Amino acid sequence: MMTAKSPEQDAEKRNKNWQSGVGPPHSKWLRAFDGPLTRDLLLSPGGFGLGQVPAKSQPDAVTTSVCGYCSTGCSLNLHLKEGEAISLSPNTNYPVNLGMACPKGWEALTVLDAPDRATTPLLRDASDKLKPVDWSTALQTFVTRMQGIQSRHGDDSIAFISTGQMATEEMAFLGALAKFGMGMKHGDGNTRQCMATSVVAYKQSFGFDAPPYTYGDFEESDTIVLVGSNLCLAHPIMWERVMRNKHKPEIIVVDPRCTETAMAATLHLPLAPKSDMDLFYGVARILIERSWIDREFIDAHTNDFDSFAEFVQPFTLDRVVAATGLSAETIERFATLIHEGKRVSFWWTMGVNQSYQGVRTAQSLINLALMTGNIGKPGTGANSITGQCNAMGSRLFSNTTGLLGGHDFANAEHRAKVAEILNIDEARIPRESSLAYHEILEGVLKGKIHGLWVICTNPAHSWINQRLCHDILDRLDFLVVQDMYHSTETAQRAHLVLPAAGWGEKDGTFINSERRFGILKKVRRPPGQALSDFSIFRLIADAWGCGQMFDRWDSPEAVFQILKQLSAGQPCDITGIEDYRMIEESGGIQWPLVRGEGSVARGEKERRLFCDGRFYHPDGRATFLFEAPRPMPEPASAKYPFVLLTGRGTASQWHTQTRTSKSEVLRKLYPQLLYVEINPNDARSLGIAPNEIVSVESQRGRVTAQAFLTPSVLVGQVFVPMHESNANQLTDAVFDPYSKQPSYKSCAVRVTRIGA
Ligand SMILES: Nc1nc2c(c(=O)[nH]1)N[C@H]1C(S)=C(S)[C@@H](COP(=O)(O)OP(=O)(O)OC[C@H]3O[C@@H](n4cnc5c(=O)[nH]c(N)nc54)[C@H](O)[C@@H]3O)O[C@H]1N2
Ligand SMILES: Nc1nc2c(c(=O)[nH]1)N[C@H]1C(S)=C(S)[C@@H](COP(=O)(O)OP(=O)(O)OC[C@H]3O[C@@H](n4cnc5c(=O)[nH]c(N)nc54)[C@H](O)[C@@H]3O)O[C@H]1N2
Ligand code: SF4
Ligand SMILES: [Mo]
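One numbering rule holds for all chains: residues counted from 1, following each sequence as written. For naming, the first written chain is A and the first written ligand is 1, with later ones following in the order written. Given that the model is predicted, a residue must reach a pLDDT of at least 70 before its local features are reported, and side-chain atom pairs must reach 80 or more before they are shown or counted; all residues, however, enter totals for whole chains, interfaces and linings. Values reported for side chains reflect all heavy atoms of the structure, with hydrogen atoms and water molecules removed beforehand.

**Points about the overall build of the protein**
Along its length, the protein carries 28 helices and 26 strands. Judged by the C-alpha coordinates and their principal axes, the protein covers about 70 × 65 × 60 Å. Remark: exposure states derive from per-residue accessible area (1.4 Å probe, protein chains only) relative to the maximum for the residue type, with buried under 20%, exposed over 50%, and partly exposed in between. Burial status across the protein gives 66% buried among its 756 residues. The contacts of the protein with a sequence gap of at least 6 include a subset with a gap of at least 24, amounting to 74%. To measure how exposed things are, a 1.4 Å probe is used in the Shrake-Rupley method; for residues, cover is taken only from the protein chains shown. As displayed, the protein offers around 26,200 Å² of accessible surface, 50% of which is attributable to carbon and sulfur atoms. Going along the chain from the N terminus, every DSSP run of H or I of four or more residues is numbered as a helix, and every run of E of two or more is numbered as a strand. It only takes one pair of heavy atoms within 4.5 Å for two residues to be counted as in contact.

**With respect to the environment of Pro 592**
Looking at where Pro 592 falls in the secondary structure, it is placed in the loop between strand S19 (589-590) and strand S20 (622-623). Here the alpha-carbon distance between Pro 592 and Asp 551, two residues 41 residues apart in the chain, equals 28 Å. Those residues in contact with Pro 592 that lie beyond four places of it in its chain are Pro 571, Asp 573, Arg 607 and Leu 609.

**What about the sheet that holds strand S8 (residues 223-227)?**
At least two bridges found by DSSP between two strands is the condition for calling them paired. The parallel open sheet is built from five strands, whose spatial order is S10-S9-S8-S12-S13. Here the strands that pair on one side only, and so sit at the sheet edges, are strand S10 (267-269) and strand S13 (381-384). The mean angle between the axes of side-by-side strands here comes to 15°, regardless of whether they run parallel or antiparallel. Pairing geometry for S8 and strand S9 (residues 250-254), over five bridges, is parallel. If you follow Val 225 over to S9, its bridge partner there is Ile 252. As a rule, the C-alpha atoms of each element are fitted with a line to give its axis, helices using only the stretch in contact, and angles between N-to-C directions run from 0 to 180 degrees. Packing of helix H12 (residues 276-289) onto the sheet brings it into contact with S8, S9 and S10, and relative to S9 it is tilted by some 135°. Running at roughly 170° to strand S12 (residues 344-348), helix H18 (residues 358-371) makes contact with S8, S12 and S13 of the sheet.

**Focus on the site of ligand 2**
Only heavy atoms are used to decide nearness, and a residue is near a molecule or strand if one of them lies within 4 Å of it. Lining the immediate environment of ligand 2, one finds 34 residues, of which Gln 165, Ser 462, Asp 483, Asp 533 and Thr 656 sit closest. In the analysis that follows, any N or O atom pair within 3.5 Å is treated as a polar contact, provided that within protein one partner can donate a hydrogen and the other can accept it, and provided that, for residues neighboring in sequence, both atoms belong to side chains. Within the contact set of ligand 2, an oxygen atom lies 3.5 Å away from a backbone nitrogen or oxygen of Ala 501. Contacts to ligand 2 include Asn 728, whose side-chain N or O atom sits 2.8 Å from a nitrogen atom. For ligand 2, whose free accessible area comes to 920 Å², the fraction covered by protein is 99%. Those elements giving two or more residues to the shell around ligand 2 turn out to be strand S15 (478-483) and strand S21 (642-647).

**Concerning the packing of aromatic side chains**
Under the pairing criterion, centres of Phe, Tyr and Trp rings, with the six-membered ring standing for Trp, must be within 6.5 Å; the plane angle then separates stacked pairs below 30 degrees from edge-to-face pairs above 60, leaving the rest tilted. For the structure shown, the criterion picks out 35 aromatic pairs. Between Phe 517 and Phe 560, the ring centres sit 5.9 Å apart and the planes meet at 80°, which makes this aromatic pair edge-to-face. Residue Phe 517 is found in strand S18 (residues 516-520), and its partner Phe 560 is found in helix H25 (residues 556-567); the two are separated by 43 residues along the sequence. The class for Phe 517 is buried, based on a relative accessible area of 1%. Geometry around Tyr 738 places Arg 360 over its ring, the cationic atom sitting 4.3 Å from the centre. Criterion for a charge above a ring: Arg CZ or Lys NZ at most 6 Å from the ring centre, at most 35 degrees from the ring normal.

**Remarks on H12**
Helices are assigned an expected span. That span is 1.5 Å times one less than the residue count. Here H12 spans 20 Å end to end across 14 residues, near enough to the 20 Å set by a 1.5 Å rise per residue. Most of H12 sits inside the fold, with 13 of its 14 residues counted as buried. Ser 291 sits one or two positions beyond H12 and adopts a positive phi of about 55°.

**What to know about the side chain of Asp 255**
Among the secondary structure elements, Asp 255 is positioned in the loop between S9 and helix H11 (260-263). Arg 257 provides the closest opposite charge to the buried, unpaired Asp 255, separated from it by 4.4 Å. Among the polar contacts made by the side chain of Asp 255, one reaches the main-chain amide nitrogen of Arg 257 at a distance of 2.9 Å. With near-sequence residues (within four places) excluded, Asp 255 lies in contact with Gly 228, Ser 229, His 268, Leu 269, Pro 270 and Leu 271. Positive charges come from Lys and Arg, negative ones from Asp and Glu, while His and the chain ends are left out of the count. Any Lys or Arg side-chain nitrogen located within 4 Å of an Asp or Glu carboxyl oxygen qualifies as a salt bridge.

**A word on the pairing of strand S24 (residues 702-709)**
Alignment of strand S22 (residues 675-678) against S24, held across four bridges, turns out to be parallel. Across the sheet, Tyr 675 pairs through a bridge with Gln 706, a residue of S24. Examined bridge by bridge, strand S23 (residues 693-697) and S24 share five bridges and lie antiparallel to one another. What sits directly across from Val 696, in S24, is Val 703. The turn joining S23 and S24, which pair antiparallel and follow one another in sequence, is formed by four residues.

**Considering the side chain of Asp 217**
If you trace the backbone, Asp 217 turns up in helix H8 (residues 216-220). Using a relative accessible area of 0% as the deciding quantity, one classes Asp 217 as buried.

**Here's the deal with the pattern of salt bridges**
Applying the stated criterion across every chain yields a total of 33 salt bridges. A salt bridge links Glu 170 to Lys 506, with the nearest nitrogen and oxygen atoms 2.9 Å apart. In this pair, Glu 170 sits in helix H6 (residues 168-181) while Lys 506 sits in the loop between strand S16 (496-499) and strand S17 (508-511), placing the two residues 336 residues apart along the sequence. In this structure, Glu 170 and Lys 506 share a single accessibility class: buried.

**Some points on the domain arrangement of the protein**
Each domain's extent is set by a domain assignment, obtained either automatically or from a database. The assigned domain composition of the protein is domain 1 (7-110), domain 2 (122-194 + 389-603), domain 3 (212-384) and domain 4 (642-753). For domain 3 and domain 4, the distance between their C-alpha centroids amounts to 26 Å. Listed by partner, the interface residues are 18 residues for domain 3 and 23 residues for domain 4. Here the quantity called buried area is the accessible surface, traced with a 1.4 Å probe, that two parts lose on coming together, added over both. On the domain 3 side of the contact with domain 4, Leu 233, Arg 257 and Gln 354 bury the most area, a combined 36% of that side's loss. If you look at where domain 3 meets domain 4, you find one salt bridge. Between Glu 677 and Arg 257 there is a salt bridge, with its nearest N and O atoms 3.5 Å apart. The tally of links from domain 3 across to domain 4 stands at nine residue pairs in polar contact (both at pLDDT 80 or more). Those elements giving two or more residues to the side of domain 3 that touches domain 4 turn out to be helix H17 (350-353) and H18.

**Here's the deal with the site of ligand 1**
With respect to spatial proximity, 34 residues lie near ligand 1, and among them Ala 234, Asp 255, Lys 274, Asp 276 and Gln 653 are the closest. Note that a nitrogen atom of ligand 1 is positioned 3.0 Å from one of the backbone N or O atoms of Val 254. Within the backbone of Gln 653, an N or O atom sits 2.6 Å from a nitrogen atom of ligand 1. Here ligand 1, which alone exposes 920 Å², has 100% of that area covered by the protein. Sorting the residues of the shell around ligand 1 by element identifies helix H9 (231-234), H17 and S21 as the ones contributing at least two each. Just so you know the grouping, Ala, Val, Leu, Ile, Met, Phe, Trp, Tyr, Cys and Pro go in nonpolar, Asp, Glu, Lys and Arg go in charged, and all remaining residues, Gly too, go in polar. Looking at the shell around ligand 1 residue by residue, the classes come out as 13 nonpolar, 14 polar and seven charged. Mapped onto the domain boundaries, the shell around ligand 1 takes at least three residues apiece from domain 3 (212-384) and domain 4 (642-753).

Structure, rendered in structure tokens:
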């Protein structure tokens, strides 16, 4: 059990730490500021600590809801007046955030009031303008056009792209409606851009997509290895959990850039981009050579260690030094720290997943945890950190690549089980999983897919190789975009826009990074005629003519009960969760919770997986998986001499900025222009002055950006944040062969002075 300190103590400690330079905040947030970062500012809405409810409008009730941005899953108190939320503060009573929230959480309500909210359906007319229409016209158009395409080109000629940011119940409804009701075979999510690599890595290594950890492991660990993970700004409240660690942990950050997280580390390994596999194989070789491995655990709980041990033999120190650019001492030190640690935890995020060899890279880390027995015990684990608020829900319940409830489309028993529970004809369940995101887009290019329904994601901004993506979207006969805002880059290209309610305007559950179900609640009326995604799916089911199939799907909580039934007997079994009330009263509940086996009732607040050393493969063992590292698909060249890294820019920006750019507070916390981080030595040789507007160009596109000279990127590399709409003009559409996740963090660019 965790005992929370008083919020004041926490805030005090954070302030002290920050003033002494430990942990966030970082120059990049401060760059947007003129004045000093004071305690007042930190504690104000938009700061991290506890704030006050404004006195001018006193609330008359309070309720809670989990945040709708990142996968941390913080709980927020929502202060209500006559049933509507007027302000919020972080929940001090929740085991995840313990009274903290980051700027995005603090500002979650503000962005709901933006003037570009979609308030009515919009239909493109003969003059090529989006014009308001009523819901019945919108639904009729949706059905006529989509069914028309199907009758001309076959069932598979329509597809959907969804998200990790809707409620679990909404994702399940969409997936079931599209695939069982509307006859679509293909639908994928933006989680392909994000978590697909972890999903495949875990499935192959452990037998199920199962991140083993609980956030308490951040506090229990004595050696925390963060790989390609900028926790300080991408998961600030997880970083706060690291700061509560009382074991004076070694914090080892493996990242080409000296990020805000690397600055706070005890050891930073600025390796050459995409050389992680070489590093981890080399470290495995050292551990084996020195017998720094847990032979007992390996023998009892894993397969294929001996072939792995043989495979890593050629990864000598010299070879790893050459591949990574790290010194032999640093690599040895890293191996020694792993050996000396009693509780070593390995964490990774997009620096690993977004790679043309992401799955094997994730597994090279999983292997380190397995061979040292660092799994299933407090403070350990091979831990993939998820990104979006409900990426985990999407992985288990979206019915995209996997059948509802962590099942498999190709498995006849699974199909029969799902058909029986849903009371549908088994023949309606596809026998194969969906095409992946990029294969759906290729399907458009090849003239196979003609209609696309995009829900709660903004591919025209976020997808890799943007020009190609725009070309593909513009070829569609019918593009439907269902979003909170009509102004997104994707909505602007749509034939039909469906106005969606957002976080705070609907009910359901999210599943956070540590597998915890949390409740989100309706505390605001959606603007105009906007409807919850759940209601939109309901209306479409009826208009399509398959409403009867979803008779029981009449509220999010009713769907939650169906999902429970579907999960029975799976590793993600949640039959022990009674209802929403139980989730709420327990401070969220981690999966699995099997009926009759739950210990939540005994006050247990957190659980990790694999405590008994049993994995999900039929023989109960985990597998060592490995493969020779491959060269970067588009290495730096004479014409394009820099490796481009992309990623998150600040804690106050969320992805394509449809939400975060609507808050005045958040806008003050991030740079207003696209910037490119470049090493001062490179800038000097190119004659680039600080803050000069420069051109950044790849084989695919060119953007202008403000040069930010910083040694945090090494010579020969540059970094561009993903938040400005044109950043993905530069990126190269290459994918991991197993997970089909885009490699957003590796392509070649040149940087030039404008007019030079
Ligand atoms: N503020 C904010 N928070 C967010 C989000 C947001 O948009 N804004 N998005 C959320 C989502 S969906 C996600 S997926 C997460 C992402 O969270 P993170 O993965 O932590 O964020 P990124 O900045 O994309 O990438 C992390 C780091 O990978 C490094 N990297 C690049 N190439 C390599 C490599 O070859 N090896 C290694 N070891 N590292 C490399 C980059 O330098 C970068 O610092 O953040 C979540 N949280
Ligand atoms: N270059 C580069 N590109 C990247 C990345 C990178 O690191 N580098 N990271 C990738 C990653 S990890 C991710 S996860 C993706 C994210 O990419 P996207 O998913 O495209 O980004 P978001 O801005 O989160 O888009 C969510 C959309 O849903 C809308 N929305 C929000 N809530 C709701 C709701 O409840 N219902 C509906 N219907 N709509 C809603 C928002 O207004 C927004 O338009 O970007 C990827 N792109
Ligand atoms: S850390 Fe993530 S979940 Fe917590 S308040 Fe910030 S965005 Fe929301
Ligand atoms: Mo993500």
